[in-house]
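Spelled out from the first residue to the last, the chains are:
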Amino acid sequence: MGIPVKISLYATDDDTAKHAAQAAFARMKQLDRILSDYDPDSELMQLCAQAGSDRDIPVSKDLKVVLEHSLRVSRETDGAFDVTVGPLVKLWRKARRKKQLPTAEALSEARAAVGYESIVLDAQSSKVRLIKPNMRLDLGGIAKGYAADQALLELKKHGVSRALIDAGGDIVVGDPPPDKDGWRIGMAPLQKRDGPPSRYVTLKNAGIATSGDAWQFVEIDGQRYSHIIDRNTGYGLTERSSVTVIAADGITSDALASAVSVLGVERGLALIEKTCGTSALVVTLEEGQPVVHTSKAFPAGE
């Protein structure tokens with residue numbers, strides 16, 4: 001999925017640690033072959049190749065689970081989270097390389113292929129149909145969280161429950177380290193991507209994800225565009241923000257961090273308040289200064 005992965009764990013002996021870690025990494029490698037949009041031979045891309053064919057395509061359990069969760073979040077967010085934004089993401093990857101805005105014609109063509117409403121998923125038969133031609137799914141806002149969840153489950157199968165999986169900044173933690181209340185996790189600042197953490201939280205048995213444009217953006221004609229796409233406009237977000245979501249698992253925190261980024265502070269935090277077991281912190285830039293907004297349940301931190 002184009003990200004580094006780090007696993008920290010506590011085990012009773014070296015052999016247990018080694019075998020558990022190897023199994024967790026092997027599971028993530030398996031998921032990469034299924035969910036990656038960088039690999040033309042992945043199951044995801046093979047499904048996209050059938051878009052518009054009017055065929056119901058059998059999918060694996062993992063892809064079905066991720067698509068089910070994606071569609072649920074899409075409905076709950078009125079499309080602020082939408083895994084069908086792949087055609088727009090592809091355009092903006094090109095824009096970042098060339099530092100040139102997509103043409104109006106290219107944007108219009110890409111937007112015509114976007115819309116989670118055009119995914120038909122039959123959960124009972126595990127078959128998926130992509131109605132529109134040229135649809136391209138991009139699981140970048142959810143797959144890392146799911147992969148981290150699965151890695152933790154694999155560690156537990158090997159007797160390791162005290163662990164932290166960091167999948168490119170999407171973090172899932174299990175039981176706390178010995179003699180600790182939880183895992184101490186630093187949150188990156190909005191403005192300085194290489195700066196020290198602006199805040200720390202202590203978590204156990206949870207997922208935490210941060211979404212923002214500190215690392216991935218492009219500046220064109222004096223305007224900064226995020227890699228996070230608003231399907232309604234077809235453009236990368238221009239309002240700077242950093243969104244951190246804590247949830248019971250990684251798949252939820254990952255997807256909601258992306259959704260809240262698109263929804264903005266007011267609508268995003270309203271979504272979090274009505275979603276059981278979640279909390280969020282949103283940092284926006286106002287007149288050059290960071291302003292912090294939190295949901296009621298977000299931990300005070302340090």
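One can find the structure itself at the top, above this paragraph.
The structure reproduced in this document is the subject of the present report. Because the structure is a prediction, the values reported are computed rather than measured. Residue numbers restart at each chain and count upward from 1, following the sequence in its written direction. Thresholds applied to this predicted model are a pLDDT of at least 70 for local features of residues and 80 or more for the giving and counting of side-chain atom pairs; totals over whole chains, interfaces and linings are not thresholded and use all residues. Hydrogens and water molecules were not included; the side-chain quantities draw on all heavy atoms of the structure.

## Some remarks on the nonpolar core
One broad rule of soluble globular proteins: the nonpolar side chains tend to lie buried together.
Item 1. For this analysis, a nonpolar core means a set of buried residues of the types Ala, Val, Leu, Ile, Met, Phe, Trp, Tyr and Cys, connected via side-chain atoms within 4.5 Å. Note on exposure labels: buried denotes an accessible area under 20% of the residue type's maximum, exposed denotes more than 50%, and partly exposed covers the range between, all computed with a 1.4 Å probe on protein chains only. Within the largest apolar cluster, 60 residues are counted, with the highest numbers of intra-cluster contacts made by L35, L47, L63, L139 and L155.
Item 2. Secondary structure counts use DSSP, requiring at least four H or I residues in a row for a helix and at least two E residues in a row for a strand, with both numbered from the N terminus. Of all the elements, helix α7 (residues 250-263) adds the most residues to this core, at eight residues.

## Topic: the sheet that holds strand β4 (residues 127-130)
Item 1. Should DSSP find at least two bridges between two strands, the strands are regarded as paired. Reading across from one edge, β2-β4-β3 is the order of the three strands in this open sheet, with antiparallel pairing throughout. With one partner strand each, in any of the chains shown, β2 (57-58) and β3 (119-122) form the two edges of the open sheet.
Item 2. Note: β2 against β4, two bridges, orientation antiparallel. Within the sheet, the bridge partner assigned to I57 lies in β4 and is V128.
Item 3. Strands β3 and β4 of the sheet are contacted by helix α3 (residues 61-76), whose axis makes an angle of about 125° with β3. Note on contacts: a residue pair is in contact if any heavy atoms of the two residues lie within 4.5 Å. Lines fitted to C-alpha atoms define the axes, with helix axes restricted to the stretch in contact, and inter-axis angles between N-to-C directions lie between 0 and 180 degrees.

## Focus on the packing of helix α6 (residues 143-157) against α7
Item 1. Between α6 and α7, the least distance of the axes is 7 Å, while the angle of their chain directions is 165°. In terms of orientation, α6 and α7 fall into the roughly antiparallel class. As for how α6 packs across α7, the hand of that crossing is right-handed. Note on element contacts: α7 touches α6 through G250, I251 and D254, opposite A143, K144, G145, Y146 and D149. Oblique is the label for any angle not covered by the other classes, which are roughly parallel (under 35 degrees), roughly antiparallel (over 145) and roughly perpendicular (65 to 115). Note: crossing handedness is left-handed where the near helix turns anticlockwise from the far helix by less than a right angle, and right-handed where it turns clockwise.

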